[in-house]
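# Results of the structural survey
These are the residues of each chain, in order.
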Amino acid sequence: MKKWFLAPVLLTVLSATAHEFWMLPDRFAPPLNSPVRLSISVGENFQGDAVGISRPLVATLRHYAKGGVQDLKTQVPEGPAVGSLPMAFAQPGAQLIALDTQPNTIELSADKFHAYLREEGLESVIQQREGRGQAALPGRERYRRHVKTLLRAGGVSDASYAAQTGQRLEISPLADPHAQAGGGDVAFKVQFEGKPLAGALAKAWHQRSNQLVILRARTDVQGRVTFSLPWAGRWMVSLVHMTPATDATGIDWDSYWGNLTFELPARR
């Protein structure tokens, strides 16, 4: 069952248990050959702080369009991090930018770790910790980000909106969001390591009139989830998946953070 609610926008310091990570262009529908700047943010309530873009952050950065796939990592500076990356699109159609980050680690106290797990719908991890007698121990986690943003260049779209990037955790629209004005259903498929991810909690985020809209729904057995997105404008769909870590000492869990941003057009 889908749920949604409105919450006041908060301007507080980021908490340890809520830290979405997303990528946005400064505009989603640029004219051809017109500069667009791509930025990354981390925060909560779809508001956050800018993340510097640098080689140490980026594992892969690719551009998918009708003309094929372009590796953008070579455009990421090797020196100091930059606030945004400029790009322009010469061919009309859907433009999908996909970023995978290098892994990072964090350790949280047991209470903060369990609060974060509940917020992300990862109650199964809590049960595993309790079953192992680890419920009172800190949560030692290695996390990776798998984020995408979808643009439309030259006023048109095409099938590239559904390009499969091979991200370890991937959120993909099942229909073109550019063809769906606000107020309709938009379905997504979620895959982990190329297979449908069932029972995962997905969230759809939107800012409207200084209010935060969050819709929540679980993926079905085919890894599909559908949201009724009531308004036009900028949307973000996010999801977290976690598995036991098996290849590192001092790390108990691997988490994978999927994220997709896009813009729904206004009704004509």
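Check the entry above for the structure.
Read on for a plain summary of the structure. Only a predicted model underlies this, so the values are computations on that prediction, with no experimental measurement involved.

Even without being glycine, N45 reaches a positive phi, approximately 60°. Mapped onto the secondary structure, N45 falls in the loop between strand 3 (36–44) and strand 4 (47–50). You can call N45 buried: its relative accessible area is 14%. Even without glycine at this site, E193 takes up a positive phi of about 50°. Tracing the sequence through the fold places E193 in the loop between strand 12 (184–192) and strand 13 (195–196).

It is worth spelling out empty space enclosed by the protein at this point. Evaluated as defined, the whole model comprises two cavities of 30 Å³ or more. As for the largest cavity, its lining consists of F28, A29, R152, H178, E263 and P265. Split into classes, the residues belonging to the lining of the largest cavity amount to three nonpolar, one polar and two charged. There is about 40 Å³ of room inside the second largest cavity. In terms of lining, the second largest cavity is formed by M23, L38, I40, I53, L61, L85 and L99. For the lining of the second largest cavity, the class distribution of residues is seven nonpolar, no polar and no charged.

All told, the structure shown has six aromatic pairs when counted by the stated rule. Above the face of the F46 ring, R234 is positioned so that its terminal group lies 4.9 Å from the ring centre.

A few words on the nonpolar core. Membership of the largest hydrophobic core comes to 31 residues, with the highest contact counts inside it found for F188, F227, L229, W235, L239 and F262. When contributions to this core are tallied by element, the ones reaching two or more residues are strand 8 (93–101), strand 11 (169–173), strand 12, strand 14 (201–208), strand 15 (211–218), strand 16 (224–229), strand 17 (233–244) and strand 18 (253–264). If we skip the residues at most four places from it in the chain, L239 touches L169, I171, V190, L197, A200, L201, A202, T219, Y256, W257 and G258.

Close approach of charged atoms allows side chains with opposite charge to pair. Taken as a whole and assessed by the stated rule, the structure comprises eleven salt bridges. Put simply, K203 and E120 hold a salt bridge, and the shortest N to O gap is 3.5 Å. Here the residue K203 occupies a position in strand 14, and E120 occupies one in the loop between helix 1 (110–119) and helix 2 (123–131), the gap between them amounting to 83 residues. We note that K203, like E120, is buried. In this structure, R142 engages D247 in a salt bridge whose closest nitrogen and oxygen atoms are separated by 2.5 Å. Highlighted residues: R142 in strand 10 (residues 139–153) and D247 in the loop between strand 17 and strand 18, separated in sequence by 105 residues. Owing to a relative accessible area of 12%, R142 belongs among the buried residues under this scheme. Residue classification places D247 among the exposed positions, given a relative accessible area of 57%. Overlapping salt bridges, with partners in common, bring together E119, E120, K203 and R216 in one network.

Looking now at the pairing of strand 3. Where burial is concerned, most of strand 3 is hidden: seven out of the nine residues are buried. Sheet analysis places strand 3 next to strand 7 (residues 85–87), joined by three bridges and oriented antiparallel. Each bridged residue has a counterpart across the sheet, and for V36 the counterpart in strand 7 is M87. With four bridges connecting them, strand 3 and strand 4 associate as antiparallel partners. When the sheet's bridge partners are listed, E44 is paired in strand 4 with Q47. A loop of two residues connects strand 3 with strand 4, the two strands running antiparallel in sequence, and N45 in this loop sits at a positive phi of about 60°.

Reading the values: rules and limits
- Residues numbered from 1 in each chain as written.
- Predicted model: local features only at pLDDT ≥ 70, side-chain atom pairs only at ≥ 80, totals over all residues.
- Heavy atoms only, no water.
- Helix = DSSP H or I, 4+ residues; strand = E, 2+ residues; numbered from the N terminus.
- Buried < 20%, exposed > 50% of the residue type's maximum accessible area, 1.4 Å probe, protein only.
- 1 Å grid on protein atoms, 1.4 Å probe; cavity = no way out; pocket = protein on both sides within 12 Å on 5 of 7 lines; lining within 4 Å.
- Points joined across faces, edges and corners; volume = space filled by probe spheres on them.
- Nonpolar A, V, L, I, M, F, W, Y, C, P; charged D, E, K, R; others polar.
- Phe/Tyr/Trp six-rings, centres within 6.5 Å; stacked < 30°, edge-to-face > 60°.
- Lys NZ or Arg CZ within 6 Å of the ring centre and 35° of its normal.
- Core = buried A, V, L, I, M, F, W, Y, C linked by side-chain atoms within 4.5 Å.
- Contact = heavy atoms within 4.5 Å.
- Salt bridge = Lys/Arg side-chain N within 4 Å of Asp/Glu carboxyl O.
- Pairing = 2+ DSSP bridges.

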